[in-house]
Amino acid sequence: MKVREILRVKGGTLYTVSPDEKLGRAVETMAQYDIGSLAVMEHGQLVGMLTFREVIDTIARNGGTVGDVTVRSIMDDHPMTCTPETELDQVRPMMLERHTRYMPVMDGGVLMGVISFYDVAKAVVEMQSFENKMLKAYIRDWPEEDGARADATAGPDGTPAAR
């Protein structure tokens, strides 16, 4: 399965923020839409990612408040990205290696969307569930060999067993 399939299911909604926006406003946006990340855009280009990880770190350093900082001062300015053609089998280890929960999907210089670790896990579970159903259907419909049925109903001496 490719990343583009996750984006197709998720839809086209993309939440962004300017790097010069105050962190408090960005947090309000994240809370309003119940999202864990914002793509940081400047002049139509992705320049970073803001996730709840950076927000929590900032709150911890500022004695429980977001302070008067801008998104630019705390964002991840080198987020790991993938393309719509990246296979999920490649994305999972990438996300695990860097403990990344949100990954921008880029097509050339264009941000196509952001996938989360949840999106990837959900896609994998759905894919495995489908494969499991197909395997069960295949096994249930397994063609019996003519000799197998006769052998299964035969007694120990090879004569038909009593029923």
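Residues numbered from 1 in each chain as written. Predicted model: local features only at pLDDT ≥ 70, side-chain atom pairs only at ≥ 80, totals over all residues. Heavy atoms only, no water.

Draft legend 1. Quick peek at the side chain of threonine 51. Position of threonine 51 relative to the elements: it lies in strand β3 (residues 45-51). Within the structure, threonine 51 has its side chain in polar contact with the side chain of glutamate 54 (distance 2.5 Å). Those residues in contact with threonine 51 that lie beyond four places of it in its chain are Met30, Gly36, Ser37 and Tyr102. (Helix = DSSP H or I, 4+ residues; strand = E, 2+ residues; numbered from the N terminus. Polar contact = N/O pair within 3.5 Å; in protein donor to acceptor, adjacent residues only side chain to side chain. Contact = heavy atoms within 4.5 Å.)

Draft legend 2. Inspection of the packing of aromatic side chains at higher detail. A complete count under the given rule lists two aromatic pairs for this structure. A centroid spacing of 4.6 Å and a plane angle of 35° characterise the contact between tyrosine 15 and tyrosine 33, whose relative ring orientation is tilted. On the criterion of sequence distance, the pair formed by tyrosine 15 in the loop between α1 (3-10) and β1 (16-17) and tyrosine 33 in helix α2 (residues 23-33) is long-range, its members being 18 residues apart. When the centroid spacing of 6.1 Å and the interplanar angle of 90° are considered together, the rings of phenylalanine 52 and tyrosine 102 count as edge-to-face. Pair noted here: phenylalanine 52 is in helix α3 (residues 52-61) and tyrosine 102 is in strand β4 (residues 102-107), with a separation of 50 residues, a long-range link. Overall, tyrosine 102 belongs to the buried group, its relative accessible area being 18%. (Phe/Tyr/Trp six-rings, centres within 6.5 Å; stacked < 30°, edge-to-face > 60°. Buried < 20%, exposed > 50% of the residue type's maximum accessible area, 1.4 Å probe, protein only.)

Draft legend 3. Layout of the pattern of salt bridges. Under the counting rule described, the total for this entry stands at 10 salt bridges. A salt bridge links arginine 25 to glutamate 28; the nearest nitrogen and oxygen atoms lie 3.2 Å apart. Taken together, the residues arginine 25 and glutamate 28, both in helix α2 and three residues apart, mark about one turn of the helix. Assessed through its relative accessible area of 39%, arginine 25 is described here as partly exposed. By relative accessible area, glutamate 28 is classed as partly exposed at 48%. The salt bridge partner of arginine 92 is aspartate 89, with a shortest N-O separation of 2.7 Å. Separated by three residues within a single helix, arginine 92 and aspartate 89 lie in helix α5 (residues 88-97), roughly one turn from each other. Given the relative accessible area of 30%, arginine 92 is considered partly exposed. One continuous salt-bridge network, built from bridges that share partners, spans Lys2, Arg4, Glu85 and Glu87. (Salt bridge = Lys/Arg side-chain N within 4 Å of Asp/Glu carboxyl O.)

Draft legend 4. Layout of the packing of α2 against α3. For the pair α2 and α3, the least separation of the axes is 11 Å and the interaxial angle reads 130°. Compared by their axis directions, α2 and α3 come out oblique. Read as a crossing pair, α2 and α3 show a hand that is left-handed. When α2 is examined against α3, the residues Leu23, Val27 and Met30 are found in contact with a partner set consisting of Phe52, Val55 and Thr58. Grouping the amino acids of the contact of α2 with α3 by side-chain chemistry returns five nonpolar, one polar and no charged. (Axes fitted to C-alpha atoms, helices over the stretch in contact; angles between N-to-C directions. Parallel < 35°, antiparallel > 145°, perpendicular 65-115°, else oblique. Left-handed = near helix turned anticlockwise from the far one by under 90°. Nonpolar A, V, L, I, M, F, W, Y, C, P; charged D, E, K, R; others polar.)

Draft legend 5. Just the pairing of strand β5 (residues 110-116), in detail. Of all seven residues making up β5, five are buried, and the element is well covered by its neighbours. Where β4 hands over to β5, the hairpin turn is made up of two residues, of which glycine 108 adopts a positive phi near 70°. (Pairing = 2+ DSSP bridges.)

Draft legend 6. Quick look at the sheet that holds strand β2 (residues 37-42). Read across the open sheet, the three strands follow the order β1-β2-β3; overall the sheet is mixed. If you trace the sheet from one side to the other, it starts and ends with β1 and β3, each paired once.

Draft legend 7. Quick look at α3. Of the positions making up α3, those classed as buried are Glu54, Val55 and Thr58. All buried residues of α3 lie within an arc of 100° about the axis, which places them on one face of the element. Opposite the buried face of α3, by more than 90 degrees, sit the exposed residues Ile56 and Ala60. Buried positions along α3 lie against α2, β3 and α4 (71-74). Once α3 ends, the next one or two residues include glycine 63, with phi positive near 65°. (Arc of directions from axis to C-beta.)

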